[in-house]
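The residues making up each chain are set out below.
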Amino acid sequence: MNAKLSPAPANGDLDAFWMPFTANRQFKANPRLLARAEGMYYWTAEGREVLDGVAGLWCVNAGHGRREITEAVTKQLGTMEYAPAFQMGHPIAFELANRLAKIAPPGLDRIFFTNSGSESVDTALKIAVAYHRARGAGQRTRFIGREKGYHGVGFGGMSVGGMVNNRKIFGSSMLPGVDHLPHTLDIEHNAFSRALPQWGAHLANELERLIALHDASTIAAVIVEPIAGSAGVVLPPIGYLKRLREICDRHDILLIFDEVITGFGRVGKPFASQAFDVTPDLMTTAKGLTNGAIPMGAVFAHRKIYDSLMQGPENAIELFHGYTYSAHPVACAAALATLEVYTKEGLLTRAASLASEWENAVHSLRGLPHVLDVRNYGLIGAVELEPRAGKPGTRGFEVFLECFERGVMVRQTGDTIAMSPPLIIESKQIARIVETLGAALRQTA
Ligand SMILES: Cc1ncc(COP(=O)(O)O)c(C=O)c1O
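Cut-offs and rules
Residues numbered from 1 in each chain as written. Predicted model: local features only at pLDDT ≥ 70, side-chain atom pairs only at ≥ 80, totals over all residues. Heavy atoms only, no water. Helix = DSSP H or I, 4+ residues; strand = E, 2+ residues; numbered from the N terminus. Rg over C-alpha atoms; globule rule 2.2 N^0.38 Å. Buried < 20%, exposed > 50% of the residue type's maximum accessible area, 1.4 Å probe, protein only. Pairing = 2+ DSSP bridges. Axes fitted to C-alpha atoms, helices over the stretch in contact; angles between N-to-C directions. Parallel < 35°, antiparallel > 145°, perpendicular 65-115°, else oblique. Left-handed = near helix turned anticlockwise from the far one by under 90°. Contact = heavy atoms within 4.5 Å. Phe/Tyr/Trp six-rings, centres within 6.5 Å; stacked < 30°, edge-to-face > 60°. Lys NZ or Arg CZ within 6 Å of the ring centre and 35° of its normal. Near = heavy atom within 4 Å. Polar contact = N/O pair within 3.5 Å; in protein donor to acceptor, adjacent residues only side chain to side chain. Areas by Shrake-Rupley, 256 points an atom, 1.4 Å probe, with all protein chains shown as cover. Nonpolar A, V, L, I, M, F, W, Y, C, P; charged D, E, K, R; others polar.

Draft legend 1. Fine view of the overall build of the chain. Broken down by element type, the chain carries 17 helices and 15 strands. Taking 2.2 N^0.38 as the reference for a compact globule, 445 residues should give roughly 22 Å; the C-alpha atoms of the chain span a radius of gyration of 22 Å, in line with that estimate. Considered along the principal axes of its C-alpha atoms, the chain spans approximately 65 × 55 × 45 Å. The 445 residues of the chain split such that 56% are buried.

Here it is, written out as structure tokens:
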């Protein structure tokens, strides 16, 4: 309970919560507790203001404490707090799906609701297999992911993902029949590229090699993040995604874009697929869908996929898949209000108008101690630091801590510092994030 924890928690009070993706013992010895949020800022339990440089966890795209979302959620809780979506429906679920279909990439206008990015990924993988089976290609069950990919923590998403620490202790529990493309991070060729790197489109040709190895007739889908976030911001080289699309088309393999972090305006268009002009067959989303206010995810499926599954007797369930909280009414209300805010304030495209200012700001960190690379796209930025010999990640963690002490929240993955602020950010806040990170870099040995 925050009341108990604030302002100086006794360590004993922190024991019961097994924190996710956290160094529990280190954190509990020296906790960082956020107690309140509004606009671009958090306030700690001690009352210290912290500028949010990561939109919570890449999700609070419209900034914190949006009254419109709070009111919509409150109203929905007062009207109908829950209704099932299995063999029943409620109006705002359909309204939300229709609204999402209007901003979707061309053809991806059939929407399946989940509660998180991980569930969206596992749902998309299952839909891909079901689609091929419905077309008489039930042997197409393999998936191709990519090194450094992050697709959440379900068994499906973990298996197609390519972050070693997320996988290594679960080795024998992985989905069978998964292979991985090489990642596209190449500091030697592309360090300090502004926006998309020039070098590396040919890395997509590795897909041809994997297809030759496994045979296209066994492969259901390729899944990639258009921009990988969790692994420390890995950008697609110019032409890379188009080439993946062409190869998938040639071999009748579905292409899945995981847009859990790139969706809802992060890259200056509603989705990265539109920014890069490459349309996948399935697209996974979550996070910005509800501005982080209520958990929700959505899989956007191409109409051809939906139609091919609408077979058999009309009283038969076409896809044996779904969650108790799929299309939860309160989440639907939050998402509708969020989309309204995004539309009214132009937030689905605002990152495009800030992109060059952001790019110049983050690239001003070039030349500071330990900086090996700076990467940016839309309102995403990353600074990669040289790891300390034998102690990878320690420098990154210290820089993250130093920023937090100085009143700016960034995200650390290993020795990479990532930034993805709310899309309402103003120039003075961009300057403050970068000045603070610069000061932290100068301070850190
Ligand atoms: C690309 C991508 N996919 C999936 C996920 C998993 O989402 P969740 O944590 O909501 O399950 C994330 C989370 O960061 C992500 O970045």
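Following the structure, the description resumes.
Draft legend 2. Summary view of the pairing of strand E9 (residues 282–285). Burial of E9 is two-sided: the residues Leu282 and Thr284 facing one way and the residues Met283 and Thr285 facing the other way are all buried. Pairing geometry for strand E8 (residues 254–258) and E9, over three bridges, is parallel. Bridged to Asp258 within E9 is Thr284. Where E9 lies against strand E10 (residues 297–301), four bridges are found, and the strand directions are antiparallel. Residue pairing in the sheet places Thr285 in a bridge with Ala298 of E10.

Draft legend 3. Molecular detail of the packing of helix H16 (residues 394–405) against helix H17 (residues 427–443). Packing of H16 against H17 brings their axes to within 9 Å, and their N-to-C directions diverge by 130°. Here H16 lies oblique to H17, going by the angle between them. When the axes of H16 and H17 are compared, the crossing they make is right-handed. Contact residues: Val399, Glu402 and Cys403 in H16; Thr436, Leu437, Ala440, Leu441 and Gln443 in H17.

Draft legend 4. Focus on the environment of Leu347. Relative to the assigned elements, Leu347 resides in helix H15 (residues 347–363). As for Leu347 and Ala128, which are separated by 219 residues in sequence, their C-alpha atoms are 31 Å apart.

Draft legend 5. Structural view of the sheet that holds E8. Here we have seven strands laid out as an open sheet, ordered E4-E10-E9-E8-E7-E5-E6, and mixed in their pairing. For this open sheet the edge positions go to strand E4 (110–114) and strand E6 (178–181), each flanked by a neighbour on one side alone. Geometrically, the sheet is characterised by an average inter-axis angle of 20° between neighbouring strands, direction not taken into account. Against the sheet, helix H5 (residues 91–103) engages E4 and E10, with an angle of about 125° to E4.

Draft legend 6. Structural view of the sheet that holds strand E14 (residues 411–413). The strand order across the open sheet formed by four strands is E11-E12-E15-E14, and the pairing between neighbours is antiparallel. One side of each edge strand has no neighbouring strand; the edge strands of this open sheet are strand E11 (371–377) and E14. Pairs of neighbouring strands in the sheet enclose a mean axial angle of 20°, with direction left out of account. Where E14 meets strand E15 (residues 416–419), three bridges bridge the pair, whose relative direction is antiparallel. From the neighbouring strand, Gln412 faces E15, where its bridge partner is Ile417. Along the sheet face, H17 touches E11, strand E12 (380–385) and E15 and points at about 170° away from the line of E15.

Draft legend 7. Quick look at the packing of aromatic side chains. Following the criterion strictly, the structure yields eight aromatic pairs and no others. Ring centres of Phe21 and Tyr150 lie 6.3 Å apart, and the angle between their planes is 75°; this geometry places the pair in the edge-to-face category. Separated by 129 residues along the polypeptide, Phe21 in the loop between helix H1 (2–5) and helix H2 (24–29) and Tyr150 in the loop between strand E5 (142–146) and helix H7 (155–160) bring together distant segments of the chain. Relative accessible area serves as the criterion here: at 61%, Phe21 is assigned to the exposed category. Feature note: the residues Phe264, Phe271, Phe300 and Tyr342 constitute an aromatic cluster, connected by ring pairs. Arg36 extends its terminal NZ or CZ atom over the ring of Trp43, reaching a point 4.1 Å from the ring centre. Directly above the aromatic system of Phe192 lies the positively charged group of Arg366, at a separation of 4.1 Å from the ring centroid.

Draft legend 8. Structural detail: the site of the ligand. Ser116, Gly117, Ser118, Tyr150, His151, Gly152, Glu225, Ser230, Asp258, Val260, Ile261 and Lys287 make up every residue found near the ligand. One nitrogen or oxygen atom from the main chain of Gly117 is found 2.8 Å from an oxygen atom belonging to the ligand. Side-chain polar atom of Lys287 to an oxygen atom of the ligand: 3.0 Å apart, as the coordinates give it. In the complex, the protein chains occlude 83% of the 390 Å² of accessible area that the ligand would expose alone. Partitioned by chemical class, the residues of the shell around the ligand number three nonpolar, six polar and three charged.

Draft legend 9. View of the packing of H15 against H17. The interhelical angle for the contact between H15 and H17, taken along N-to-C directions, is 20°, at an axis separation of 9 Å. It follows that H15 is roughly parallel to H17 by the angle criterion. The element H15 and its partner H17 pack so that their crossing is right-handed. Between H15 and H17, the residues in contact are Glu357, Trp358, Ala361 and Val362 and Ser427, Ile430 and Val434, respectively. For the contact of H15 with H17, the per-class residue count stands at five nonpolar, one polar and one charged.

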